[in-house]
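Spelled out from the first residue to the last, the chains are:
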Amino acid sequence: MSLLVCEGVTRRFGGLVAVDAVDLAVGEGEIVGLIGPNGSGKSTMVNLVTGVLPPSAGRIRFAGRDVTGMPSWRVARLGIARTFQMLRLFKSMSVRENVALALHPKLDGGLLGSALGLARPAAADRDARARADALLDLFGLAALADRPATALSIGQQRMVELARGMIVEPRLFVLDEPAAGLSPPNVEKLIELIRAMRDRHGITILLVEHVMKVVHALCDRVVVLDYGVKIADDDPDAVARDPRVVEAYIGGARKADDAGAG
Amino acid sequence: MRAFLIAVAVLAALALLPLAVAGGYLLHVLVVIFIFVILAVGLDLVMGYCGQYSFAQGAFYGIGAYTAAILHRDLGFGFWQTLPSGIVAAGLFGLLLGIPSLRLSGHFLAITTIAFQTIVYLLLTQWTSFTGGQYGLPVPKVGALTLFGWELFRVETVRDFYFLALGCMAAAIGVAWRLAHSRIGRQWQAIQDDELLARAIGVDVTRGKLVAFVASAGLAGAAGVLLAHYLQGVSPDDFAIWTSATVVAMVLAGGRASIVGPILGAVLFTAMPEVLRSAQSYKLVIYGVVMILVVSFLPGGIVGLLRRERRA
Amino acid sequence: MYTLDFALQILANGIVIGSVYVLVALGLTLIFGILGIVNFAHGEFYMLGAYFGITAAAIYGLSLFPLLLVGILGVVLVGLLSERLVFRPLAGGDMTSSIITSFGLAVALQNAALIAFGPQPKLLRTPWAQIPVEIGPVFMPLQRALIPVIALVLVVAVHVVLRHTWTGRSLRAMAQHGTLAQLYGVDVKRVAVVTFAVGAALAGGAGVLMSSVFLVQPTVGNMIALKAFTVVILGGMGNVYGAVSAGLFLGIAETFVAGYLTNTLRDIVGFALVVVVLLIRPQGLFGRAIDRA
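Residues numbered from 1 in each chain as written. Chains lettered and ligands numbered in written order. Predicted model: local features only at pLDDT ≥ 70, side-chain atom pairs only at ≥ 80, totals over all residues. Heavy atoms only, no water.

Caption draft 1: Quick peek at the overall build of chain C. What chain C contains, in helices and strands, is 11 helices and two strands. Across chain C, helices and strands are ordered from the amino to the carboxyl terminus as α-α-α-α-β-β-α-α-α-α-α-α-α. Since a compact globule built from 293 residues should have a radius of gyration of about 19 Å, the 19 Å found for chain C is in line with a globular shape. Taking the principal axes of the C-alpha coordinates as reference, chain C spans close to 60 × 45 × 35 Å. By residue count, 53% of the 293 residues in chain C fall in the buried class. Taking the contacts inside chain C whose residues are at least 6 apart along the sequence as the reference set, 77% of them involve residues at least 24 apart. (Helix = DSSP H or I, 4+ residues; strand = E, 2+ residues; numbered from the N terminus. Rg over C-alpha atoms; globule rule 2.2 N^0.38 Å. Buried < 20%, exposed > 50% of the residue type's maximum accessible area, 1.4 Å probe, protein only. Contact = heavy atoms within 4.5 Å.)

As structure tokens, then:
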């Protein structure tokens, strides 16, 4: 059964159709690539799946539930984590806080409880910190846990984003260009990490990526968007040979910037 | 833990102070400081932690004070009833002002809060049949505080009121501290840093902002009830936009998102005009200049400066 | 009192007040549109213009036009100083810091005026206040009748500058796309200086004009600033022509509320309107919806 199902999902910005009647299914335990030239609607698609934008038409189902138009924080609580193409970290917080904070919504206590100190959050908080530290260790960031998150290098910040997603043990992890700005050795490390997420933790992954090496190494299946329309949906080798995909990449290189970016 | 011990020591010293000091004047100044500490710590929750610009703390202060005065006039309420009523009334209006914050941010929200502050002030001055207009309304002394028929404490003199205000301030700081250091406080900072990211990790931003506005306004309401009983009356000019400006200056100069900062700010800004009598008429000019200077040169306020010193 | 003549008289009064709102709001919306700053001290520019005019009239006994010049120049000076000392240090950073600094500037200027000019309300008296003007059934003193005329001249002047001069083109370039304009060599500092000068001039002029109609007090800026915010929001933030229509609309709406209902409701109506508009249509009544996704 598919974990994520998009049916005829469309998003318009004014007169512009950024995503046009796209069907997309991601099976439990799959790694699905989402690729396309600049401005093809990938980022908009990510924002639709994660609830940042409501679709103009179509339906989105996640784990058997209709999540169409559901706000992003509720989508997140259902088990969809994400990273951002333009790195996003809480700038006033340390690396550890950035990662541990992602657990908070799961632990939410009431206002009265927090004010009166009745709900003892201390134990849960200690647990959150411990889990954050364990993950940071795994991602090779243990020594940087107390540093301000934004003081890290781009590659390290990407790792923090991954750790932030992992800590909530999501059912679906949407990765928006995780290899952007990484050096070749770090790209290798990233591939290993993503593979481990699926193989060892059973996390389903929707991967938006420009770096074809990453897509080839990881994806079971690749979906290609062009001008907001799905033009291919097949295994990576078949997609690479598809004349429409080749045409889209050569012909689409000079297009305007992505309306749904950011 | 160390902060907690220092807080307990300071509160204990303040509680013993009236034994050593005979003069009512010092106690009076301290009562005013305690009231402003409640206002400033309250504003810090919404402005310092949650990052929502609010210039309406004076309005919530007024709503608390007038709730006490009107409920006393119409229903004969005493302090035990006016205090929770004032908190609830101000909290409800806080909820009301929180709603625009869900759609507006930055400048737009700031304008909305100023408009709200002005509407409240205009109603206090012009709706004479309900609020008494410019003359305001009388409020009785707190008198005997009873619990289940037992008289706990009698509040007649400034000295009695000093203890009451000290207790209320300690409770307000406690509540604010708990909130700021609980999960909701961490979520407020997340909202302030990056609202979109906060949502993406599952933070209920709507709830977070509304809680911040309600808690902040509720504390201001409590301060208003205290002031009403202390001055034995309410009049609109205590709740004009200048009061909001003063509280904003206290939070900024002390250092936002720190609880300690707004306390220092309230002490400094209330004590300064008392110490420097000649500065009295320049007070608000100075507050304005302080706001400009702090934003440009000392974004962390006094607390930020102390932290930097310690690190250096 | 429900006669056509009465309604026309109210309409005329509304146009007078509305044209002053237009002047103040125009500067506010320019500063916001071009520099991204909401100047909470804009009402104080207006208040200072009024006091400069009244003071010059009391000392030198000047007539309206020289007074206007004094008010405008004085406030332009204040505007330039504010730009240099208060706003420029923040340039390039997070513009929300200007919320606090401009609010601080408003607090400081207003209370400085209280010390300098005292709390007693004052009114500008020039010989033209005694000359009556009659247009059909509408009657008002010459000084008041000149307000919409002068306002029109100033608005047209701003329009000409914006449309047809090099400076105007750089201002509009900044408003439309700040970073791009900088890449094309627009001098940002100069743009900021000119914008503040124009905004301050309009507010100062409005202050002089209005000081013969409404009593002037140090706190008068609060009210006028909020009215101008109302106008700017109704007209769409940064929209110059929206501000003109919305300013006249608010002035007329207020005088009709005051004339037919009650004077106490007059001020509250405008603010209630602004809160409602902000909630329902943050882009304003006359503004276009901009999708900033």
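Caption draft 2: Region of the structure containing helix α2 (residues 42-60) of chain C. All names here are of chain C. End to end, α2 covers 27 Å across 19 residues, agreeing with the expected 27 Å (1.5 Å per residue, within 8%). α2 sits mainly inside the fold: 14 of its 19 residues count as buried. With its phi angle positive at about 60 degrees, Gly61 sits one or two positions after the end of α2. (Expected span 1.5 Å × (residues − 1).)

Caption draft 3: Just the pattern of salt bridges, in detail. What the rule picks out here adds up to 23 salt bridges over all chains. Here Arg131 of chain A makes a salt bridge to Asp127 of chain A, at a shortest N to O gap of 3.9 Å. Here the residue Arg131 of chain A and the residue Asp127 of chain A both occupy positions in helix α6 (residues 122-138), the gap between them amounting to four residues, near one helical turn. Take Arg131 of chain A: its relative accessible area is 30%, and that puts it in the partly exposed class. Residue class for Asp127 of chain A comes out partly exposed when judged on its relative accessible area of 41%. Its salt-bridge partner being Arg199 of chain B, residue Glu195 of chain B comes within 3.4 Å of it at the nearest N-O pair. Of this pair, Glu195 of chain B and Arg199 of chain B are both found in helix α9 (residues 195-200), four residues apart, which corresponds to roughly one turn of the helix. The class of Arg199 of chain B is partly exposed, set by a relative accessible area of 24%. The network of salt bridges with shared partners includes Glu30, Arg221, Lys230 and Asp233 of chain A. (Salt bridge = Lys/Arg side-chain N within 4 Å of Asp/Glu carboxyl O.)

Caption draft 4: Main features of the sheet that holds strand β2 (residues 16-27) of chain A. All names here are of chain A. Taken together, the four strands give an open sheet; going across it, the order is β2-β1-β4-β5, and neighbouring strands pair in antiparallel fashion. The sheet terminates laterally at β2 and β5 (65-66), the two strands that pair on one side only. Where strand β4 (residues 57-62) lies against β5, two bridges are found, and the strand directions are antiparallel. Across the sheet, the residue bridging to Arg61 is Asp66, located in β5. Where helix α1 (residues 42-49) meets the sheet, it contacts β1 (2-13), β2 and β4, and its direction lies at approximately 120 degrees from that of β1. (Pairing = 2+ DSSP bridges. Axes fitted to C-alpha atoms, helices over the stretch in contact; angles between N-to-C directions.)

Caption draft 5: Up close: the packing of aromatic side chains. Counting across every chain of the model gives 18 aromatic pairs over all chains. When the centroid spacing of 6.2 Å and the interplanar angle of 55 degrees are considered together, the rings of Phe55 of chain B and Phe40 of chain C count as tilted. Here Phe40 of chain C lies in the loop between α1 (4-35) and α2 and Phe55 of chain B lies in the loop between α2 (24-49) and α3 (57-75), a pairing that spans two chains. With relative accessibility at 5%, the residue Phe40 of chain C sits in the buried group. A centroid spacing of 4.7 Å and a plane angle of 35 degrees characterise the contact between Trp127 of chain B and Phe130 of chain B, whose relative ring orientation is tilted. Accessibility expressed as a relative area gives 33% for Phe130 of chain B, which makes it partly exposed. In textbook terms, an aromatic cluster arises when at least three aromatic residues are bridged by ring pairs, as seen for Phe36, Tyr61, Tyr66 and Phe239 of chain B. The ring of Phe84 of chain A carries the charged tip of Arg88 of chain A above its face, separated from the ring centre by 5.4 Å. (Phe/Tyr/Trp six-rings, centres within 6.5 Å; stacked < 30°, edge-to-face > 60°. Lys NZ or Arg CZ within 6 Å of the ring centre and 35° of its normal.)

Caption draft 6: Local environment of the domain arrangement of chain A. All names here are of chain A. As far as domains go, chain A holds domain 1 (1-79 + 170-262) and domain 2 (93-169). With 16 residues of domain 1 in contact, the opposing surface of domain 2 contributes 13 residues. With both chains or domains summed, domain 1 and domain 2 bury close to 1200 Å², and 74% of this area falls on carbon and sulfur atoms. By the criterion of area lost to domain 2, the three top residues of domain 1 are Arg77, Pro170 and Leu193, representing 38% of everything that side buries. Where domain 1 meets domain 2, there are two residue pairs in polar contact (both at pLDDT 80 or more). Only β7 (172-176) and α8 (184-201) provide two or more residues apiece to the side of domain 1 that touches domain 2. The class makeup of the residues in the side of domain 1 that touches domain 2 is 10 nonpolar, two polar and four charged. (Domains from an automatic or database assignment. Buried area = accessible area lost by both parts, 1.4 Å probe. Polar contact = N/O pair within 3.5 Å; in protein donor to acceptor, adjacent residues only side chain to side chain. Nonpolar A, V, L, I, M, F, W, Y, C, P; charged D, E, K, R; others polar.)

Caption draft 7: Here's a closer look at helix α9 (residues 220-235) of chain C. Residue and element names in this part refer to chain C. With 16 residues, α9 extends 23 Å between its outermost C-alpha atoms, agreeing within 8% with the 22 Å of an ideal straight helix rising 1.5 Å per residue. In terms of burial, α9 is a largely internal element, 14 of the 16 residues being buried. The positive-phi residue at the C-terminal boundary of α9 is Gly236, with phi of around 95 degrees.

Caption draft 8: Structural view of the pairing of strand β1 (residues 132-135) of chain C. All names here are of chain C. Both β1 and strand β2 (residues 138-141) contribute to a ladder of four bridges, which runs antiparallel. Across the sheet, the residue bridging to Pro132 is Pro141, located in β2. From the end of β1 to the start of β2, which pair antiparallel, there are two residues, and Gly136 there has a positive phi angle of about 60 degrees.

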